Amino acid sequence: MTVAQDLHELEAHAAHNYHPLPIVITEAEGAWVTDVEGRRYLDALAGYSALNFGHRHPQLIAAAEAQLRRVTLTSRAFHHDQFAPFCADLARLTGMDAVLPMNTGAEAVETAIKLARRWGYRVKGVERDRATIVVADDNFHGRTTTIVGFSTDPDAREDFGPFAPGFRSVPFGDAAAIEAAIDETTVAVLLEPVQGEAGIRVPPPGYLREVRRITRERDVLFLADEIQSGLGRTGTTFACDLEDVVPDVFLLGKALGGGVVPVSAIAANRELMDVFTPGSHGSTFGGNPLACAVGRAVIAMLETGEFQARGRELGARLDAGLRALPQDRVVEVRTIGLWAGIELAPGNRARTVCERMLAEGVLAKDTHETTVRLAPPLVVTEDEVDHIVEVLGAAIG
Ligand SMILES: *Cc1c(COP(=O)(O)O)cnc(C)c1O
């Protein structure tokens, strides 16, 4: 029996909605994980950027432990002392003045969709129940039925309909296509500034700025899904910072929970956020004391700028290393900050490459058939970056 078959039996009672690589992790610290047999692996995926600060960063664990000893959950029926500071801290980080915390990324996206529609009816004057939102082909915004309804990935949507209407998808990176899709019913453009799941697709220079200009001119909200691209990954606090663009709404998640607890949020200006009134939206766990305490520690770490700087410096090193890979097996290398999509030549399976890397002690993940995705935690060293590139090079060779 192969390891993979063994694991399949081990997880006999689990749904088969994932196809994990054959490793069973039992411990982790920083950029490294250990499996049940005591083998160590360098984590070059970092929980799809949920672990930007590495596993169990001491500051994050300290914040979580301190909060575990005080209060972990109150529900939003009552105030708690971590809530206001968390909202204030995240408002400062985003440059916005209002924050609505949820738990998962998909919930942040749902929250932004609700905000945009309500704003459309109540402020812009769109006819009730006619609102449309422009999205990009190959988007990934989560797994709820509304969200997969506007996915262009058949695996994500097939046989989960009927879907919510009101979305128009246009090619990513094409600002003119966005402009053409906007009409009097359009309330928002929802985009990942860099498409993560699609394979680290970086839009052409000027795209985000164009989207900002168009949305402003046409009185349409710009919702930036920075759930994967944000919080240091691109070498800046937000991917939108790369073009000095400020969206109307930031959508955050993944790294906001520091790899400790799920924390998501949207941030916007007060006048926009005030479309939400008591009873119109909520979450039992959203903004809970533990989440807020960890989120505050994450924000404090980002406010030093240290992690963004590492993202830039280590990212440049990763980029240089990847560009030196043998060109016959690699058709494209896309990088931004410490984040890379390596597009293999047709006929090469990214899954096989990731399995070979695993055997050599490096964790990476394929996306689609032919893309290897790298997103090491921002705490990796230069030598570790070089090691990732070396192991990747051998795995594709
Ligand atoms: C992961 C992700 C989501 C969904 O987050 P979940 O926490 O898995 O619900 C949404 N948008 C983007 C860009 C993501 O990468």
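Residues numbered from 1 in each chain as written. Predicted model: local features only at pLDDT ≥ 70, side-chain atom pairs only at ≥ 80, totals over all residues. Heavy atoms only, no water.

With that settled, consider the domain arrangement of the chain. Considered domain by domain, the chain is made up of domain 1 (3–57 + 306–396) and domain 2 (59–302). Each partner contributes residues to the interface: domain 1 has 30 residues there, and domain 2 has 30 residues. The tally of links between domain 1 and domain 2 comes to one salt bridge. Viewed at the interface, domain 2 and domain 1 are joined by 20 residue pairs in polar contact (both at pLDDT 80 or more). Here the side of domain 1 that touches domain 2 takes four residues from helix α12 (residues 306–323), the largest share from any one element. In terms of residue class, the side of domain 1 that touches domain 2 is made up of 14 nonpolar, eleven polar and five charged. (Domains from an automatic or database assignment. Contact = heavy atoms within 4.5 Å. Salt bridge = Lys/Arg side-chain N within 4 Å of Asp/Glu carboxyl O. Polar contact = N/O pair within 3.5 Å; in protein donor to acceptor, adjacent residues only side chain to side chain. Helix = DSSP H or I, 4+ residues; strand = E, 2+ residues; numbered from the N terminus. Nonpolar A, V, L, I, M, F, W, Y, C, P; charged D, E, K, R; others polar.)

Taken together, the buried positions of helix α13 (residues 350–359) are occupied by A350, R351, V353, C354, M357 and L358. Down the axis of α13, the buried side of the element spans an arc of 160°, and every buried residue falls inside it. Lining the buried residues of α13 we find β3 (40–43), β12 (340–344), β13 (362–363), β14 (365–367), β15 (371–374) and α14 (382–396). Following α13 by one or two positions, G361 adopts a phi angle in the positive range, close to 90°. (Buried < 20%, exposed > 50% of the residue type's maximum accessible area, 1.4 Å probe, protein only. Arc of directions from axis to C-beta.)

This part covers the site of the ligand. Near the ligand you find T104, G105, A106, F140, H141, G142, E192, D225, I227, Q228 and K254, and these make up its full shell. Between an oxygen atom of the ligand and a main-chain N or O atom of G105, the distance comes to 2.8 Å. One of the side-chain N or O atoms of K254 is found 2.6 Å from an oxygen atom in the ligand. Protein chains shield 81% of the accessible area of the ligand, which is 380 Å² for the free molecule. When the residues that make up the shell around the ligand are grouped by side-chain class, the tally is three nonpolar, five polar and three charged. (Near = heavy atom within 4 Å. Areas by Shrake-Rupley, 256 points an atom, 1.4 Å probe, with all protein chains shown as cover.)

We now examine empty space enclosed by the protein. Overall, the coordinates contain one cavity of 30 Å³ or more when judged by the stated rule. Reported here for the largest cavity is a volume of approximately 40 Å³. In this structure, the largest cavity is lined by N139, F140, H141, G142, I147, V148, S151 and A156. A class-by-class count of the residues in the lining of the largest cavity yields four nonpolar, four polar and no charged. (1 Å grid on protein atoms, 1.4 Å probe; cavity = no way out; pocket = protein on both sides within 12 Å on 5 of 7 lines; lining within 4 Å. Points joined across faces, edges and corners; volume = space filled by probe spheres on them.)

Looking now at the pattern of salt bridges. Taken as a whole and judged by the stated rule, the model has 18 salt bridges. In this structure, D386 engages R317 in a salt bridge whose closest nitrogen and oxygen atoms are separated by 2.7 Å. Taken together, the positions of D386 in helix α14 and R317 in helix α12 put the pair 69 residues apart, joining distant regions of the chain. Look at R317 and you get partly exposed, because its relative accessible area is 31%. Where salt bridges share partners, they join D89, R92, R296 and E303 into one cluster.

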